[in-house]
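Results of the structural survey
Given next are the chains, with one letter for each unit.
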Amino acid sequence: MRRTPIVYAALICICTAGAVLPAQVYVPSNTPATGTCNAAHTGKSESRYQEIIDATYLPQAPFKVLDVSFAPCASVNPVYSQYQVRMTHTTLVNFAGNQNFDNNLGRCPAVLHSGPLSWTATANTWSPLGCTGNAFGYDGQGRNILVEFRHIQSSGSTTSHHRDGVSPRLYTSDAGAYSSTTGVTVSIAGAKLELIIDRTCVLYAPDTAQIGQSHAITADAMPAGENCQIAASLGASTAINLGPCSVWLVPDGVFVYSATVGAPIFNGYQAITPASGKVIGKFSPPNIPALVGVCVYHAAVSVGSSGVSCCTNTAGTLLTP
């Protein structure tokens with residue numbers, strides 16, 4: 001008899017394991033009270049804004065981004081009917097000739113927040129947005145990050161944010177900006193940012209995966225000696241709550257197949273985590289042309305003697321010819 005997959009056991013487990021406290025990364029520095037004030041994003045009633053975070057500001061090791069803070073120039077409490085934060089790895093170093101928002105972001109970004117949001121902005125203090133969605137997993141390979149903020153404000157006052165003029169930015173604002181596909185303003189004047197991160201239980205996957213080929217799916221910084229279960233899905237819009245944490249995967253047929261059958265498409269997705277803390281599965285999408293353009297999402301959980309101990313972020317991969 002086939003034993004019950006770990007991920008299914010996790011779904012019915014009620015756990016009380018303590019959460020790991022997150023750390024912070026500052027772009028470009030931990031100085032929220034200095035720099036010129038600018039209203040490009042936080043001071044607009046509607047906006048779509050992208051910023052490139054240079055790898056020189058990032059730890060050269062895997063981590064996941066849980067939330068993002070601005071450094072407001074005034075204390076306000078804006079309320080947004082819709083606010084979205086999305087993040088991805090990027091090869092871009094600036095936005096010169098790259099003013100299409102969707103092309104810059106790619107097809108399968110991590111969505112840290114999408115929905116209503118109330119922001120408590122405190123002057124000259126790092127003020128987190130309070131993202132409630134997926135985390136973004138950085139692979140630690142020296143690549144830049146592209147982050148997008150877009151919003152429609154419904155009430156409350158706006159405020160400017162501090163900047164140091166070191167990060168490339170692209171934006172458009174005012175009526176219709178949220179759905180705009182093209183940025184209007186390009187400059188090296190990005191907002192100062194604080195990334196709230198967790199260095200444990202990080203999953204990274206290739207941005208693209210060629211059909212008919214094998215690709216590594218890596219769960220890193222996992223608890224050694226525990227059971228690691230990787231799972232896949234065609235969607236990342238649903239939070240599966242597992243006691244102390246959640247994974248953002250839609251429980252569709254791909255999810256069930258990856259967690260129960262596995263091979264020949266999902267290989268090595270269940271393992272005891274070695275001392276290195278790294279479990280590597282092999283994703284082998286079949287050579288079926290109809291799959292080209294599909295996003296496949298991966299996440300993992302670790303299960304110890306007391307149940308689920310941690311969940312990774314969810315990473316998206318675009319299938320290509």
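Here we summarise the structure given alongside this text. In this text, all values refer to a predicted model and were calculated from it rather than measured experimentally. Numbers given for residues are sequential positions, taken from 1 along each chain in its written order. Selection of residues for local features in this predicted model requires a pLDDT of at least 70, selection of side-chain atom pairs for listing and counting requires 80 or more, and totals for whole chains, interfaces and linings are taken over all residues. To get the side-chain values, take all heavy atoms of the structure and skip hydrogens and water.

A pair of Phe, Tyr and Trp rings is counted when the ring centres sit within 6.5 Å of each other, with Trp represented by its six-membered ring. The angle between the planes then sorts it: under 30 degrees is stacked, over 60 is edge-to-face, the rest tilted. Evaluation of the coordinates by the stated rule reveals 10 aromatic pairs. On the numbers, 5.6 Å between centres and 35° between planes, the contact of Tyr26 with Trp126 is tilted. Linking Tyr26 in strand S1 (residues 23-27) with Trp126 in the loop between strand S6 (110-118) and strand S7 (127-128), this pair joins segments that are 100 residues apart in sequence. Judged by relative accessible area, which is 12%, Trp126 ranks as buried. An aromatic cluster of three or more residues is present, and its members are Tyr49, Phe70, Trp119, Phe149 and Tyr171. Only DSSP runs of H or I with at least four residues qualify as helices, and only runs of E with at least two residues qualify as strands; both kinds are numbered from the N terminus onward. To sort residues, take the accessible area from a 1.4 Å probe on protein chains only and compare it with the maximum for the residue type: under 20% means buried, over 50% means exposed, and anything in between is partly exposed.

A few words now on the side chain of Lys64. Here Lys64 shows up in strand S4 (residues 63-70). In this structure Lys64 is buried but unpaired, with Asp198 as the nearest side chain of opposite charge at 4.3 Å. N or O atoms within 3.5 Å of each other form a polar contact, as long as, within protein, one can give a hydrogen and the other can take it, and as long as residues adjacent in sequence are counted only when both atoms are side-chain atoms. A polar contact of 2.7 Å, which involves the side chain of Lys64, links it to the backbone oxygen of Cys311. By the convention used here, residues are in contact when the closest approach between their heavy atoms is within 4.5 Å. Those residues in contact with Lys64 that sit more than four places away from it in its chain are Ala135, Phe136, Gly137, Ile196, Ile197, Asp198, Thr200, Cys201, Val202, Cys311, Thr312 and Asn313. None of His or the chain ends enter the tally, which takes Lys and Arg as positive and Asp and Glu as negative. For salt bridges, the criterion is a side-chain nitrogen of Lys or Arg within 4 Å of an Asp or Glu carboxyl oxygen.

On to the nonpolar core, then. The nonpolar side chains of a soluble globular protein tend to be buried, and buried together. Ranked by internal contacts, the top residues of the largest apolar core, which has 33 residues, are Val65, Leu112, Leu129, Phe149 and Leu193. Residue assignment for this core shows that the elements contributing at least two residues are S1, strand S3 (46-53), S4, strand S5 (79-90), S6, strand S8 (136-138), strand S9 (144-155) and strand S13 (193-198). Nonpolar cores are built from buried Ala, Val, Leu, Ile, Met, Phe, Trp, Tyr and Cys residues. Side-chain atoms within 4.5 Å join them into one set. In terms of nonpolar packing, the next biggest core, distinct from the first, is built from 20 residues, Ala205, Ile211, Ala219 and Ala300 among them.

Between side chains of opposite charge, a pair can form as their charged atoms come close. By the definition in use, this model includes 8 salt bridges. Between Asp139 and Arg143 there is a salt bridge whose closest N-O contact spans 2.8 Å. With its nearest N and O atoms 3.9 Å apart, the salt bridge here joins Asp220 to Lys278. Of this pair, Asp220 sits in strand S16 (residues 215-220) while Lys278 sits in the loop between strand S21 (270-272) and strand S22 (279-283), placing them 58 residues apart in sequence. Among the residues examined, Lys278 registers a relative accessible area of 34% and is labelled partly exposed. In the salt-bridge network here, residues are joined through shared partners; they are Arg48, Arg86, Asp102, Glu148 and Arg150.

This part takes up the sheet that holds S9. Note: two strands are recorded as paired if DSSP finds a minimum of 2 bridges between them. Pairing in this open sheet of 6 strands is antiparallel, and the strands run S6-S5-S9-S3-S11-S12 from one edge to the other. Of all the strands in the sheet, the pair left with one neighbour each is S6 and strand S12 (185-188). Each neighbouring strand pair of the sheet contributes to a mean axis angle of 15°, computed without reference to strand direction. Bridge analysis of S3 against strand S11 (residues 168-173) gives 5 bridges, and the strand direction is antiparallel. Paired with Ser47 across the strands is Ser173, a residue of S11. With axes taken as lines fitted to C-alpha atoms, and helix axes fitted only over the stretch in contact, angles between N-to-C directions fall between 0 and 180 degrees.

With that out of the way, let us pick up the state of the cysteines. Cysteine sulfur atoms that pair up within 2.5 Å are treated as a disulfide. Per the counting criterion, the structure on display carries 4 disulfides. Each disulfide pairs two cysteine sulfurs, and for Cys201 the partner residue is Cys310, the sulfurs being separated by 1.9 Å. As the torsion about the S-S bond is roughly -85°, the Cys201-Cys310 disulfide counts as left-handed. A residue pair is termed long-range when its members are at least 10 positions apart, and Cys201 in the loop between S13 and strand S14 (202-204) and Cys310 in strand S24 (residues 307-311) qualify at 109 residues. Residue class for Cys310 comes out buried when judged on its relative accessible area of 9%. Between the sulfur atoms of Cys245 and its disulfide mate Cys311 the distance is 2.1 Å. Measuring the twist about the S-S bond at about 65°, one finds the Cys245-Cys311 disulfide to be right-handed. Remark: Cys311 occurs in strand S24 and Cys245 occurs in the loop between strand S18 (239-241) and strand S19 (246-248); sequence separation between them is 66 residues. Once the disulfide-bonded cysteines of the protein are ranked by sequence position, their pairing pattern turns out to be 1-2, 3-6, 4-7, 5-8. No disulfide involves Cys228; its nearest neighbouring cysteine sulfur is the one of Cys310, lying 8.0 Å away.

A few words now on unusual backbone geometry. Note that the residue after Val27, namely Pro28, is joined by a cis bond; omega there is 0°. For Pro28, the position within the fold is in the loop between S1 and strand S2 (36-38). Not every positive phi belongs to a glycine, and Asp174 is a case in point at roughly 80°. Inspection of the secondary structure assignment puts Asp174 in the loop between S11 and S12. Classification of Asp174 as partly exposed rests on a relative accessible area of 44%. Within the chain, Ala221 stands out as a residue other than glycine whose phi angle is a positive 55°.

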